[in-house]
Every structure is written in structure tokens, then in C-alpha cells.
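# Fold and geometry: a report
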Amino acid sequence: MAPGAAEAVQQEQPKAVLLQDYRPYPYAVQKLALDFLLGEEKTVVNSKMHVAPSYEGTPPPMVLNGEACVKLATVAVDGKDLLEGEGYTLQDEKLTIENPPNGTFTVDISVEIQPQNNTELEGLYKSSGNFCSQCEAEGFRRITFYPDRPDVMTVFTTKIVADKEKYPILLSNGNLVEEGELEGGKHFAVWEDPFKKPCYLFALVAGNLVAKEETFITMNGKKVALRIWTQAHNADKTEHAMNSLIKAMKWDEERFGLEYDLDLFNIVAVDDFNMGAMENKSLNIFNSKYVLCTPETATDMDYERIEGVVGHEYFHNWTGNRVTLRNWFQLSLKEGLTVFRDQEFTSDLNSRSVKRIEDVSLLRSRQFAEDASPLAHPVRPESYIKMDNFYTLTVYEKGAELIRMYQTLLGRDGFRKGMDMYFKLYDGQAVTCDDFYAAMEEANDTSLGSFKLWYSQAGTPSVTALTEYQKDAGKYKIVLSQNLPKTQDSSKEKLPQLIPVAVGLVGPNGNDLPIKSVNNVPTTDDGTSPTTVVLKLTDWEQSFELDGITETPVPSILRGFSAPVKLFAEYSMDQLKFLFANDSDEFNRWEAGQRLSKMVILQSVSDGKIEEAGLKYIVEAFESVLDDATIDNKIKSLLLTFPDMDVLIDGFNATYPGGADPVRIHETVSALKKAVAMRLRSKFEGTYTSLVEEATKAGLASLDPPSISRRALQGTCLDYIGSTGDEEAMAMCWKAFKAAKNMTDQISALKACTSKSGPVCDEAFDSFYEQWKDNALVLLKWLLMQGASNLPGHTAEVKKLLSHPAFDMKNPNKVYSLLGGFSRSAVNFHNIDGSGYELLADCVIQCDGINAQVAARIVGPFTKWQLYDKTRQDLMYKQLERIAATPNISKNVYEMVSKSLKE
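Residues numbered from 1 in each chain as written. Predicted model: local features only at pLDDT ≥ 70, side-chain atom pairs only at ≥ 80, totals over all residues. Heavy atoms only, no water.

### As for the sheet that holds strand 28 (residues 517–518)
In sheet architecture, strand pairing relies on hydrogen bonds along the backbone and comes in two forms, parallel and antiparallel. To keep things clear, this is the line we draw: Should DSSP find at least two bridges between two strands, the strands are taken to pair. Under the DSSP-based scheme used, a helix requires at least four consecutive residues in state H or I and a strand at least two consecutive residues in state E, with every element numbered from the N terminus.
Overall, mixed pairing links the 6 strands, which are arranged 29-28-31-26-25-33 in an open sheet. Pairing within the sheet leaves two strands with one partner each, and these edge strands are strand 29 (521–522) and strand 33 (566–569). Here strand 28 pairs with strand 31 (residues 541–547) via 2 bridges, running antiparallel. Bridge pairing in strand 31 links Val518 to Leu546.

Encoded structure:
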């Protein structure tokens with residue numbers, strides 16, 4: 001590390017918050033009244049806390065959180081004004097009441113804030129002229145002084161006063177209990193939430209909005225008013241979100257017996273939002289990209305994501321709101337659990353296999369890379385500087401895998417029993433991951449042993465499988481071993497943890513073989529023999545003997561991706577081709593194709609040319625998929641897809657020392673894709689033409705599963721056709737682009753048209769922009785594709801786009817689209833001249849002065865610098881040093897960069 005960078009990293013040394021230092025708050029806030037006077041220049045917030053002691057002995061000081069943007073006006077205890085330096089102190093963003101009274105008392109605080117200048121989009125801010133809030137994780141302290149921590153739960157009453165003409169709609173949590181007119185063209189609304197909640201679930205919206213309304217009848221006959229609020233010009237784009245909400249409410253009743261508990265459920269769509277959505281009690285606030293859609297402006301994937309995010313936020317009403325967190329280290333208790341619930345929701349409504357493949361693809365391409373980086377942390381972290389930095393794939397996606405493993409180990413019925421016990425024991429409380437674990441054990445009268453270690457040990461475990469068929473004994477032996485990598489977050493010795501490994505055996509005829517027993521223990525009580533068994537790996541190494549195997553099988557290991565691990569198993573190309581054609585587990589069928597492709601790609605990268613024998617295997621495997629009419633078209637499109645770049649980089653580093661060259665890997669994948677497309681061109685073109693004819697007969701774009709599947713395969717075929725790059729192919733792609741009647745087909749065609757430099761590419765990008773320049777959400781797709789482009793020299797175009805009218809550094813969606821896309825470009829971001837790294841670092845520094853949360857997110861690609869070859873490591877490290885040396889760096893970016901600079 002250069003001296004200047006070392007000094008920069010040591011400048012402020014923000015203090016980390018440690019799990020081991022957690023102590024309960026010494027006071028209970030019995031109720032809280034908030035009074036907002038919304039203004040254009042300033043907003044006045046008056047609060048009254050009714051406080052009771054939770055301590056024993058002498059009253060300790062009462063510490064309230066705030067930030068510099070909150071201007072304190074007055075503080076009073078039991079109606080008596082306090083003076084600074086006597087009754088209270090204000091230091092280090094904390095207001096401390098030094099000598100609170102014994103027993104119960106009230107605290108009145110008056111502050112001023114300026115939401116219109118709040119570019120951090122935390123606390124209360126303005127978006128498109130409307131007031132809105134975002135308080136998770138620690139945004140409430142940007143509104144007023146308060147114990148901003150999740151274990152302080154209280155009943156909120158909120159009064160909002162605002163100009164009626166500008167802000168006719170006034171919303172907050174709970175039920176509307178009073179509203180009326182005031183002098184001077186103002187009006188007011190009073191909201192009461194009868195359920196205790198932490199302040200991170202507080203919400204306020206005031207603006208000129210219209211609502212789509214429906215009524216839901218709960219399983220016990222209660223009527224619930226559902227409203228989705230948007231700006232008037234977006235009123236026609238909320239039907240799918242409303243339908244998704246109704247489906248989610250019904251699904252949660254049927255799957256988990258959970259009924260909505262209030263008479264009103266509001267969703268508000270806003271354009272400026274740091275995250276996807278927020279589950280504030282009865283007033284969900286959404287990033288507009290996860291609410292607004294029509295077939296002309298949104299892809300099938302957008303529709304699925306909207307359905308999933310709407311479900312996710314609604315499911316939080318029980319897993320996050322009714323039962324919340326004791327401290328922020330337990331974040332996965334609500335997020336991992338709720339991600340699992342939204343995954344199951346989407347799986348039950350659509351294709352379970354497709355959803356599983358999509359979820360695991362995200363986990364392995366992004367979360368595994370996070371586990372391998374200097375920022376690796378357990379599902380339950382032990383320290384943080386800024387909690388905002390821990391809304392990570394580890395907490396969310398890996399956390400969801402932990403919940404899924406409970407269900408795998410206990411069975412679906414056992415998991416439901418555990419959920420029922422969890423709500424019975426902890427409804428209305430702030431609890432921990434250990435409490436959830438205990439509820440699962442208690443409900444099922446079992447011990448899950450070392451499973452709890454998943455919460456405290458960082459890194460992706462690897463599982464190695466050695467197999468042997470003992471023909472004479474009719475047994476199949478599997479030796480499983482586990483290894484946990486060292487990670488930067490902890491020096492503690494890691495221990496073996498319970499890993500469920502689902503296994504099946506595929507016979508020579510392609511059918512699954514029945515398994516009578518495992519280690520001489522019958523697999524069922526009724527004498528039947530299942531074809532998939534779950535092996536429980538609890539030690540560093542264990543042997544399992546599967547009995548009743550009369551034919552030589554090919555093992556199908558880790559079916560359904562039963563645990564978030566890296567599996568190392570020796571498969572020949574013939575075995576992978578066999579599983580790709582025959583495995584009854586659709587996830588492992590896809591996985592066999594991924595393994596086959598990865599073997600060929602990595603060998604080709606090493607050799608510097610496409611490996612002919614491997615290419616032949618892929619061509620034959622893909623041809624069989626295209627010819628198989630029994631496979632769903634969406635599954636086909638996934639089976640025909642090569643592994644993600646991050647997966648290939650991980651595979652390369654596991655096989656070859658010295659770090660990966662992402663440009664070389666990209667070039668190899670492109671060459672292989674083109675070679676496959678050339679050899680199967682007639683198949684791809686024939687399939688594509690047939691699908692287009694089907695779509696023409698079907699008429700308007702439909703959202704039924706067959707139509708969605710058809711469009712998926714149609715897009716995949718066009719992508720392969722475009723990869724050949726010849727004039728005939730590009731003409732076909734351009735024709736598809738001009739003929740597209742829905743956004744899914746248009747984006748597929750745009751991707752194919754812009755895969756190669758030339759007139760078609762330029763015209764397609766320009767045409768798409770001209771068509772959609774007045775639709776900000778659609779232009780996010782244009783920015784994303786421009787940023788992610790692998791056209792040589794495109795870094796210069798991305799730099800120009802930073803000053804384009806379509807881009808705004810203050811809007812998180814636009815930043816994530818352009819710069820998030822750019823960081824995924826192997827050719828341009830990872831250009832060996834370092835220009836891509838320099839550009840992103842410039843943007844991180846600029847963004848940090850506007851929105852630290854967003855800046856910390858886009859700095860993420862630099863944190864994985866150790867994955868690459870030495871030249872790129874040095875270039876990325878240099879940019880990390882430059883960011884670290886920036887004066888007044890935010891705590892958010894400081895934490896990301898300082899951890900990354902530790903070697």
C-alpha cells in the first residue's frame with residue numbers, strides 16, 4: 001500500500017459496531033407522537049415520547065441518535081425545557097439527556113430538516129416533487145432525534161400538515177383516524193398504527209398522487225382496502241403489481257396460514273430510491289421500476305421481478321414487522337427468510353425449476369464472489385461501520401439458502417411447524433437468528449447440531465465427492481468431504497457444519513434408480529424406495545453406502561442445489577452429456593450442461609484455442625435440446641446458456657494459478673458461442689422462425705407461461721444467430737428489432753443487433769433511444785446495455801453518457817444501470833490499459849459527495865481485485881488507493897475500501 005493511501009485509510013478510523021457489545025436499550029418508548037409541518041424551505045418535526053424505565057438502579061443517560069442534517073430547536077422533559085450543557089449535550093450526532101427522571105416521563109423535541117436538499121435519499125426527502133421517506137436501516141435519525149435501533153418498538157401516531165394544492169395526498173403507517181382543512185390553504189391527516197414497531201418501519205408520503213384500488217377478502221372474511229399510488233401519468237401501469245399483491249396475500253394464507261392484520265395496505269411508487277422497495281408497516285414504498293409495467297415497456301423478467309418484489313415486501317408484514325430484529329446483526333432473520341418466502345411464492349406460481357436455476361445462477365455468480373473477496377462476512381455479521389453496507393447477497397441470498405436447508409432437513413411439513421412455533425413464541429418481539437433456529441428444533445423435537453455454524457462462519461464451503469460402484473454387493477459408495485476457506489473477517493478456526501447433500505443415481509437407461517437404504521438404514525418407514533436421498537454431511541469427511549443398486553449408475557449429486565456449496569466431483573464429458581440428456585432433476589440437468597461448457601471453456605482459455613473434442617460434445621448436447629419437443633421452452637433457453645463470467649473466473653482460479661484474465665475468457669466464450677451457432681445455424685434459425693410464426697398466430701403479447709417460455713427461447717436463438725456476425729444474420733436481427741411488438745422481443749433483438757460494431761448496432765441503439773427517450777424506466781435498459789457493451793473502445797461512449805440527458809448521478813436507478821452495467825463489461829471495464837477502472841473510480845468519488853449508499857454499491861467491483869491477473873490487480877488496487885485518499889470520504893465507502901486494501 002502506498003504511504004498516502006495508508007494515511008488516508010487511517011484518517012478518521014470510524015468506530016465499528018460489534019455484535020459482542022450489544023446491550024438492551026435502558027428505556028422503553030411506550031408511544032410516540034410525531035407532528036410534521038411540511039414546507040418548501042424547511043420542514044418542522046415535533047415529537048413526543050412517552051418513556052418508561054427498562055433498567056435497574058439509577059437512571060442512566062438517555063442517548064438519542066441524530067445526524068448533522070437535523071437542526072435541533074428545543075428539548076423538554078415532562079414539559080420543562082432543557083438547556084444545552086445543563087440538561088442535555090449534543091455531540092457526535094447524539095443528543096444525550098444527562099439526568100432523566102425516575103419512573104415514566106415524556107420527552108418533547110422540535111427540529112428542522114430540509115428534505116428538498118437530501119440527496120442521500122435517507123430519512124425524509126423529495127422525489128419528483130413529492131415527499132417520501134426511507135428509514136431502514138438508520139434513516140430515522142435524519143428526521144429527528146430518537147433511539148434509532150430495531151429493538152426499541154413503540155406505537156406511532158403521525159400528524160402531517162402540508163399545502164393542500166401541492167400535496168393533496170398525505171399518507172403514513174396504520175389507519176387514517178382524522179383529516180381536515182386548515183387556514184392558509186393547508187390540510188392535515190392523522191394516522192395511527194396500532195402495532196408496535198421500530199422506527200425503521202416508519203413511513204411518510206405527501207404528494208400529488210392517484211391510486212388504483214381493489215379489495216381483498218381475507219381467509220377470515222375481513223375486507224382489506226388495497227391501494228397503489230403513483231403519479232397520474234403512470235396510473236395505467238399498476239395492474240400487474242396489484243394482481244401480484246392479491247396473489248401474495250392469498251398465497252401467504254394458504255402456504256403459512258398468515259392473514260393480513262390491518263384494514264388498509266398502501267403501496268407508493270417513487271422514482272428516486274436507493275433500494276428496490278421498503279416494507280414499512282401498511283405503507284410500502286417502492287422503487288418505481290418494481291411497480292410500473294406494461295408489455296410494451298417491460299420485459300417478462302421485469303414482470304417476474306415485480307411479482308417477486310411485491311410479494312417480498314408484503315411477506316415482511318409477518319417476517320420482519322410482526323416479528324422484528326433485536327439488532328442489525330440479525331438482518332438475515334427477516335431478509336433471508338423473506339427472500340426464501342418470495343422464491344417459494346414465485347416457484348408455486350410459475351416454474352419451480354426455472355426459478356431455482358435463476359436463483360442459484362445469481363448466488364454463484366455474485367454471492368460466491370462476495371465470499372471470495374476481502375468483504376466476506378457471515379450471514380450474521382459480527383461487526384459493521386455502516387449498516388447500509390450489509391444489505392448484501394450474503395445476508396439475502398445465502399441467508400435464503402439457509403432457510404431452504406431447514407426445509408430440506410425437516411421436510412415441508414416440519415418447516416411449517418417450525419414457522420408456526422416461531423410466530424407463536426415471538427409475535428410482537430425483536431428476536432435473533434438463534435431464536436428462529438430454536439423454534440425449528442422445538443417444533444420438530446429434534447436437534448440440528450452444527451447447522452447453526454452456517455450463521456457465524458463466512459465463505460463458501462466446498463464439498464468433494466468420491467464415488468465407487470460395488471457391483472457384487474449392490475452398493476454405491478459416496479465419500480463426501482467438506483472444506484471451509486479462510487476469510488479475512490475472522491481468524492477463528494472453522495468447524496465442520498451440517499451440509500445436506502441431495503443425491504440420486506441415474507441408471508443406464510436414463511431412469512432414476514430406487515435407493516433402499518443408506519448405511520444400512522432404510523430410506524423410508526413404509527418399505528418404498530425413493531430415488532433421491534438427502535445425505536447429512538456433519539464431519540470433515542464421511543462415507544455413505546447406498547444399497548439396492550443393481551446397475552452401474554451415474555451419480556446426480558447436490559440435486560436442487562440442496563446446499564450453497566461448491567461441488568467438486570469427477571465427471572467425464574460422456575457422463576455430463578448423459579446427465580444433460582436424462583437427469584430427472586431439472587436443476588442438475590442444467591448443471592450438467594454448465595459443467596460441460598465450463599470444462600470446454602477453461603481448457604480452451606488455457607490452450608489459447610477452442611478445444612475441438614469439447615466443442616463436439618457441446619454441439620451434440622445443444623442439438624439434442626433443440627430437437628426435444630418434451631422440454632419446456634424456458635428450460636431450453638436456460639440449457640442453451642453458457643456459464644456466467646463470474647462462475648468462469650472462479651473456475652479458472654480453482655484450476656489455474658495466477659489470477660484470471662477476464663478479456664481472454666470473454667473472447668473464448670464469444671468464439672465458442674459463434675462456433676456452436678455456425679454448426680447449429682439451421683437449427684437455431686428454424687427454431688426461431690417457428691417460434692415467431694407461433695407468436696404471430698397468438699397475436700398480442702400474452703403473459704401466460706407458454707408465451708413467456710416461447711419468447712425466452714426465441715431470444716436465445718436470435719442471440720446465437722447474431723453471434724455469427726455476418727451480414728445475413730445482422731439483417732435478421734434488425735428485422736426482428738423493427739418487428740418487435742413487446743419489450744421482451746425488442747430487448748432480445750437490441751442485444752443481438754448490438755453484439756457487433758457496425759451500422760446495425762449504431763442504428764439500433766439510436767432507434768431505441770428515439771422511441772423511448774420520454775420514458776425514464778425504459779431508458780434504464782438502454783443505459784444498462786450501453787454500459788455493459790463489450791464493443792471495443794466503448795469506454796469512451798460510457799464517459800459521454802455521464803453527461804447525457806438520460807443520465808443523472810442523483811438518481812440511483814440510472815447510476816446502477818449505466819455504471820453497474822459498465823462494471824460487468826469484460827472488454828471495457830477490464831481493459832488492460834486501466835481506463836475502465838479509472839472511469840469507475842472517478843464516478844465513485846463524484847457519487848460519494850451526493851449519495852454515499854450508492855457510491856458504496858458501485859465501488860463493489862474493485863473489492864474483488866484479487867480474482868484477476870497481476871496486472872489488473874495492480875491497476876484496481878491503485879484506484880482503491882486513490883479513492884481512499886479522497887478527502888472527506890464517507891463512512892460507507894471508507895468501510896468498503898479500507899477492508900479491500902487489507903492484504
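### Points about the confidence of the model for the chain
Quick reminder of the rule: Residue-level confidence of the predictor is summarised by pLDDT, bounded by 0 at the bottom and 100 at the top. Working rule for contacts: check all heavy atoms of both residues, and any pair within 4.5 Å makes them a contact.
Of all residues in the chain, 98% have pLDDT values of 70 or greater, and the mean over the chain is 96. Here residues 1–10 is modelled with pLDDT under 50, and outside its nearest four sequence neighbours on either side it reaches 13 contacts, counting other chains as well.

### Structural notes on the environment of Asn892
As a reminder, the rule being used: Pairs of N or O atoms within 3.5 Å make up the polar contacts considered here, provided that, within protein, one atom can donate a hydrogen while the other can accept it, and that residues adjacent in sequence are counted only when both atoms are side-chain atoms.
With respect to the helices and strands, the residue Asn892 is situated in helix 25 (residues 891–900). When the C-alpha atoms of Asn892 and Asp848 are compared, they prove to be 8.7 Å apart, with 44 residues separating the residues in sequence. With residues up to four places along the chain from it excluded, the contact list for Asn892 reads Lys386, Asp388, Asn389, Ala852, Gln853 and Ala856. Engagement of the side chain of Asn892 in a polar contact is seen with the side chain of Asp388, the distance being 3.4 Å.

### Observations regarding the pairing of strand 16 (residues 204–207)
Put simply, the rule is: Only protein chains enter the accessibility calculation, which uses a 1.4 Å probe; a residue is then buried when its area is under 20% of its type maximum, exposed when over 50%, and partly exposed in between.
Residues Leu204 and Ala206 line one face of strand 16 and the alternating positions Val205 and Gly207 line the opposite face, and both faces are buried. Where strand 11 (residues 130–134) lies against strand 16, 2 bridges are found, and the strand directions are antiparallel. Residue pairing for strand 16: Cys132 is matched across the bridge by Val205. The pairing of strand 13 (residues 169–172) with strand 16 spans 4 bridges and is antiparallel. Paired with Ile169 across the bridge in strand 16 is Gly207.

### Quick notes on the packing of helix 5 (residues 352–371) against helix 6 (residues 393–426)
The line we're drawing: Fitting a line to C-alpha atoms yields each axis, with helices limited to the stretch in contact; the angle taken between N-to-C directions then spans 0 to 180 degrees. Angles below 35 degrees are treated as roughly parallel, those above 145 as roughly antiparallel, those between 65 and 115 as roughly perpendicular, and all remaining angles as oblique. Two helices that cross are described as forming a left-handed crossing if the nearer one is turned anticlockwise from the farther one by less than a right angle, and a right-handed crossing if clockwise. Residues are grouped as follows: Ala, Val, Leu, Ile, Met, Phe, Trp, Tyr, Cys and Pro are nonpolar; Asp, Glu, Lys and Arg are charged; every other residue, Gly included, is polar.
Two elements in contact, helix 5 and helix 6, have axes whose closest approach is 10 Å; the angle formed by their N-to-C orientations is 125°. With respect to helix 6, the element helix 5 is oriented oblique. In the packing of helix 5 onto helix 6, the handedness of the crossing is left-handed. Here Arg356, Leu362, Leu363, Arg366, Gln367, Glu370 and Asp371 of helix 5 lie close against helix 6, whose contacting residues are Leu393, Thr394, Glu397, Lys398, Glu401 and Arg404. For the contact of helix 5 with helix 6, the per-class residue count stands at 3 nonpolar, 2 polar and 8 charged.

### What about the nonpolar core?
Formally: In plain words, nonpolar cores are sets of buried Ala, Val, Leu, Ile, Met, Phe, Trp, Tyr and Cys residues tied together by side-chain atoms within 4.5 Å.
In this structure, Phe436, Leu546 and Val676 are the most contacted members of the largest nonpolar core, which totals 279 residues. Sorting elements by how many residues they give to this core places helix 6 first, with 15 residues. For Leu546, the residues in contact, after removing those within four places along its chain, are Gly474, Lys475, Tyr476, Ile478, Val503, Leu505, Ile515, Ser517, Val518, Val533 and Leu535.

### Details of the sheet that holds strand 7 (residues 88–91)
Spatially, 3 strands are ordered 4-8-7 in an open sheet, and the strand pairing comes out antiparallel. Strands at the two margins of the open sheet, each flanked by one partner only, are strand 4 (62–65) and strand 7. On average, each strand axis in the sheet is tilted by 20° relative to the strand beside it, whichever way the strands run. Looking at chain direction, strand 7 and strand 8 (residues 94–97) are connected through 4 bridges and run antiparallel. Looking at strand 8, one finds that Thr89 is bridged to Thr96.

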